[in-house]
Amino acid sequence: MSMQQRIEQQLAALGDLHLEVRNESHMHSRGQETHYKAVLVSEQFAGLNSVKRHQKVYATMGDLMGEIHALAIHTYTPDEWAAVGVAPASPVCAGGGH
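Basis of the calculations
- Residues numbered from 1 in each chain as written.
- Predicted model: local features only at pLDDT ≥ 70, side-chain atom pairs only at ≥ 80, totals over all residues.
- Heavy atoms only, no water.
- Pairing = 2+ DSSP bridges.
- Helix = DSSP H or I, 4+ residues; strand = E, 2+ residues; numbered from the N terminus.
- Axes fitted to C-alpha atoms, helices over the stretch in contact; angles between N-to-C directions.
- Contact = heavy atoms within 4.5 Å.
- Buried < 20%, exposed > 50% of the residue type's maximum accessible area, 1.4 Å probe, protein only.
- Arc of directions from axis to C-beta.

Student: Residues and numbers for the sheet that holds strand S1 (residues 18-23), please.
Tutor: Note on sheets: strands pair through backbone hydrogen bonds, and any given pair is parallel or antiparallel. Strand order across the open sheet formed by three strands is S1-S2-S3, with mixed pairing between neighbours. Lying at the two open borders of the sheet, with one neighbouring strand each, are S1 and strand S3 (70-76). On average, each strand axis in the sheet is tilted by 10 degrees relative to the strand beside it, whichever way the strands run. As paired elements, strand S2 (residues 35-41) and S3 share seven bridges and run parallel to each other. Within the sheet, the bridge partner assigned to leucine 40 lies in S3 and is threonine 75. The strands touched by helix H1 (residues 3-11) within the sheet are S1 and S2, with S1 carrying the most contacts at an inclination of about 155 degrees. Sheet contacts for helix H2 (residues 50-61): S2 and S3; angle to S3, the most-contacted strand, approximately 125 degrees.

Student: Describe H1, and please don't skip the residues or the numbers.
Tutor: Every α-helix carries 3.6 residues per turn, so stepping three or four residues along brings you back to the same face. Here H1 has its buried residues at Met3, Ile7 and Leu11. Axial view of H1: buried residues confined to an arc of 70 degrees, hence all on one face. The elements touched by buried residues of H1 are S1, S2 and H2.

This is the structure we're talking about:
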């Protein structure tokens, strides 16, 4: 199972209405699968600020977080997602070869 599939499997536990995980390692590292982006839409984020939402994602990821270098997290409630419909683009890596 790929790292992307493992991340998807972990995050599916949030009961998301929309889950998208992208492997963005090619933008950051040389041949290693270390950078991912997750877009999650869930009722579970209602009433939570961005810090609490991220904490919920980190808790769901558990030990898997220690196996990757970076996870860009974009969380939305269904109403927020209906309004924006797309997560922001990831920035270009500034280097560092992580």
